Amino acid sequence: MTVDELQWYVVLAETEHMTEAAARLNVAQPTLSRALARLERRLGTPLFDRVNRRLRLNRYGEILLEHARRCLTEMNSASDRIASLLDPDRGTVRLAFLHSVATWLVPELLGRYRQQVPGVRFELRQEPAHEMIADLRAGHVDLAVSSPHPEGADIGWQPLHREQLCVAVPRDHPLAGRGSCGLSAVGAEPFVALRAGYELRELSDELCSLAGFAPTVAFESSEISSMEGLVAAGLGVAVVPMPRAHRESPGVAYLPLTDSGAHRMIGLVWLRDRPAPPVATRFAEFVRARRWS
């Protein structure tokens with residue numbers, strides 16, 4: 001039973017007249033008559049009583065009419081929702097991003113874009129890099145703001161921002177007054193780190209290895225703000241991105257790292273081999289066309 005057949009049936013049930021219904025639907029009367037016959041054979045019962053060569057909707061036809069109208073209403077609602085999602089001016093962009101860019105880069109991206117296209121909505125996810133790439137490949141999100149450059153020929157990447165890394169120490173730490181330092185200067189300290197699997201944890205461990213030591217991790221967390229709170233409490237030091245002026249945690253001193261490679265590149269990620277909805281494509285073009293500091 002096709003949607004067209006349901007639409008034809010509703011018109012025929014409302015008019016109870018084959019010729020009038022065929023004219024309203026702009027289909028040939030024999031075509032409409034054959035469609036009704038197929039429908040009745042499928043359901044195993046006549047839907048109309050034939051009275052003096054006229055059609056009269058019977059009790060079975062009334063049941064089908066009720067459900068056909070409901071089905072067509074649902075189909076129209078689905079079509080409207082899909083059209084809304086596809087509309088580049090009013091659709092929804094599904095965006096995943098790192099926790100560490102949730103307070104500055106992503107709000108800046110969304111704020112600037114909404115100034116130009118105020119009707120667009122965003123469905124947001126904060127998650128580690130490996131999870132957002134998995135979600136991207138699974139079709140759960142359209143775009144991601146991630147670091148580092150993901151591997152895979154199916155992944156598109158546009159660098160957006162080069163982020164300096166630093167070591168966060170308590171304000172009363174002996175190194176707190178320095179303008180910068182190398183990681184080896186805190187090699188003997190207890191570390192506060194992100195949990196294994198986070199890209200910043202992997203980068204931090206790699207930098208420590210290059211500096212000649214394996215960090216003693218005293219505390220693990222899933223958020224940089226929690227790490228900084230533990231540092232402020234004097235429970236260790238941490239490798240974190242250099243904070244924006246408004247994001248500095250009280251009780252913490254941030255020392256830019258002088259080690260080679262002590263930075264990370266944040267970029268926009270998309271899937272090359274799957275066409276994105278027009279609303280997501282338009283947002284991606286906006287992001288790629290601008291420099292973000």
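This write-up is about the structure you can find in this document. What you are looking at is a predicted structure, and each value in this text was computed from that prediction instead of being measured.

A few words now on the packing of aromatic side chains. Between two aromatic rings, the relevant description is the distance of the centres plus the angle of the planes. Taken as a whole and judged by the stated rule, the model has six aromatic pairs. For the pair Phe 122 and Phe 283, a centre-to-centre distance of 5.1 Å together with 70 degrees between the ring planes defines the contact as edge-to-face. Of this pair, Phe 122 sits in strand β4 (residues 121–126) while Phe 283 sits in helix α9 (residues 278–288); the two residues are 161 residues apart in sequence, bridging distant segments of the chain. Note on Phe 122: relative accessible area 17%, which makes it buried.

This part is about the packing of helix α1 (residues 3–15) against helix α2 (residues 18–25). If you want to describe how two helices pack, look at the angle between their axes and the distance between the axes. Contact geometry for α1 and α2: axes closest at 9 Å, N-to-C directions at 135 degrees. Relative to α2, α1 is oriented oblique. As α1 runs across α2, the sense of the crossing is right-handed. Counted together, Trp 8, Val 11, Leu 12, Glu 14 and Thr 15 of α1 and Met 18, Glu 20, Ala 21, Arg 24 and Leu 25 of α2 form the full contact between these two elements. Taken together, the residues of the contact of α1 with α2 break down into six nonpolar, one polar and three charged.

To continue, consider the environment of Asp 154. Tracing the backbone through its elements, the reader meets Asp 154 in the loop between β5 (143–146) and β6 (155–170). Measuring from C-alpha to C-alpha, the distance between Asp 154 and Asp 273 comes to 6.1 Å, with 119 residues separating the pair along the chain. Here Asp 154 is in contact with Arg 137, Trp 270, Leu 271, Arg 272 and Asp 273, once residues within four sequence places are set aside.

Within soluble globular proteins, side chains that are nonpolar tend to cluster in buried spots. Val 101, Leu 143, Val 145 and Phe 283 are the most contacted members of the largest nonpolar core, which has 37 residues in total. Broken down by secondary-structure element, the contributors of at least two residues to this core are β3 (92–97), α5 (105–116), α6 (129–138), β5, β6, β11 (263–271) and α9. Tallying contributions element by element places α9 first for this core, with six residues. Look past the residues within four positions of Val 145 in its chain and what remains in contact with it is Leu 95, Ala 96, Phe 97, Leu 98, Val 101, Leu 105, Leu 109, Met 132, Ile 266, Gly 267 and Leu 268. Counting 32 residues, the second-largest nonpolar core is a separate cluster that includes Val 192, Val 239, Val 252 and Ala 253.

Rules of the game
Residues numbered from 1 in each chain as written. Predicted model: local features only at pLDDT ≥ 70, side-chain atom pairs only at ≥ 80, totals over all residues. Heavy atoms only, no water. Phe/Tyr/Trp six-rings, centres within 6.5 Å; stacked < 30°, edge-to-face > 60°. Helix = DSSP H or I, 4+ residues; strand = E, 2+ residues; numbered from the N terminus. Buried < 20%, exposed > 50% of the residue type's maximum accessible area, 1.4 Å probe, protein only. Axes fitted to C-alpha atoms, helices over the stretch in contact; angles between N-to-C directions. Parallel < 35°, antiparallel > 145°, perpendicular 65-115°, else oblique. Left-handed = near helix turned anticlockwise from the far one by under 90°. Contact = heavy atoms within 4.5 Å. Nonpolar A, V, L, I, M, F, W, Y, C, P; charged D, E, K, R; others polar. Core = buried A, V, L, I, M, F, W, Y, C linked by side-chain atoms within 4.5 Å.

In short, the description is geometric, and any link to function would need to be established separately.
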